[in-house]
Amino acid sequence: ANALRIRGVLAVALASEGEKMLLGQEDGSVSVLGRQDGQWQVLNTVAGPGSVTVLAFEGDQLRMLRGSRHGQLDAWRLSDGICTAHLRGHMGEVKDVDVDWVGSRAASASQDGTVRIWDLSDGTCTRT
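All figures in this text were calculated on a predicted structure; none of them were measured in a lab.

### Points about the overall build of the protein
Thinking step 1. Helix and strand counts for the protein come out as zero helices and twelve strands.
Thinking step 2. Taken from the N to the C terminus, the helices and strands of the protein come in the order β-β-β-β-β-β-β-β-β-β-β-β.
Thinking step 3. The C-alpha radius of gyration of the protein comes to 14 Å, within 12% of the 14 Å expected for a compact globule of 128 residues.
Thinking step 4. Principal-axis analysis of the C-alpha atoms gives the protein an extent of 45 × 30 × 25 Å.
Thinking step 5. For the protein, buried positions account for 45% of its 128 residues.

### Quick look at the packing of aromatic side chains
Thinking step 1. Across all of its chains, the model carries zero aromatic pairs by this definition.
Thinking step 2. Above the plane of the ring of Trp-40 lies Arg-35, whose end atom (NZ or CZ) is 5.3 Å from the centre.

### Digging into the sheet that holds strand 8 (residues 82–87)
Thinking step 1. Taken together, four strands build an open sheet; the order of strands is 5-6-7-8 and the sheet is antiparallel. Of all the strands in the sheet, the pair left with one neighbour each is strand 5 (52–57) and strand 8. Within the sheet, the average angular offset between the axes of one strand and its neighbour, ignoring direction, is 25°.

The rules we used
Residues numbered from 1 in each chain as written. Predicted model: local features only at pLDDT ≥ 70, side-chain atom pairs only at ≥ 80, totals over all residues. Heavy atoms only, no water. Helix = DSSP H or I, 4+ residues; strand = E, 2+ residues; numbered from the N terminus. Rg over C-alpha atoms; globule rule 2.2 N^0.38 Å. Buried < 20%, exposed > 50% of the residue type's maximum accessible area, 1.4 Å probe, protein only. Phe/Tyr/Trp six-rings, centres within 6.5 Å; stacked < 30°, edge-to-face > 60°. Lys NZ or Arg CZ within 6 Å of the ring centre and 35° of its normal. Pairing = 2+ DSSP bridges. Axes fitted to C-alpha atoms, helices over the stretch in contact; angles between N-to-C directions.

Encoded structure:
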């Protein structure tokens with residue numbers, strides 16, 4: 001078995017068909033990997049503030065959500081590494097996230113004891 005070695009990995013997300021993977025690192029970066037000829041290859045890297053604590057793919061793997069120790073949740077477009085929305089409101093580390101990309105909603109849980117529901121079309125928190 002071939003081991004993939006990337007230092008400081010704190011979070012991982014595997015795409016539903018197993019051909020793409022996200023690795024979130026201590027330095028705030030996220031490596032986007034794809035399988036090519038049976039091997040994992042880094043396709044792109046994006047970076048944001050704070051250590052990555054949680055990651056989620058959207059259904060067609062064109063976007064992702066990235067949570068951090070600083071309480072920030074961001075939506076990213078993977079093709080060009082552009083952050084499309086900053087979802088602010090948590091006061092502690094983002095611990096978990098789940099996404100309904102069809103309905104453009106996400107739910108996130110934080111160490112601050114809150115669960116927030118987000119509208120991904122405009123980046124607003126619709127419920128706490």
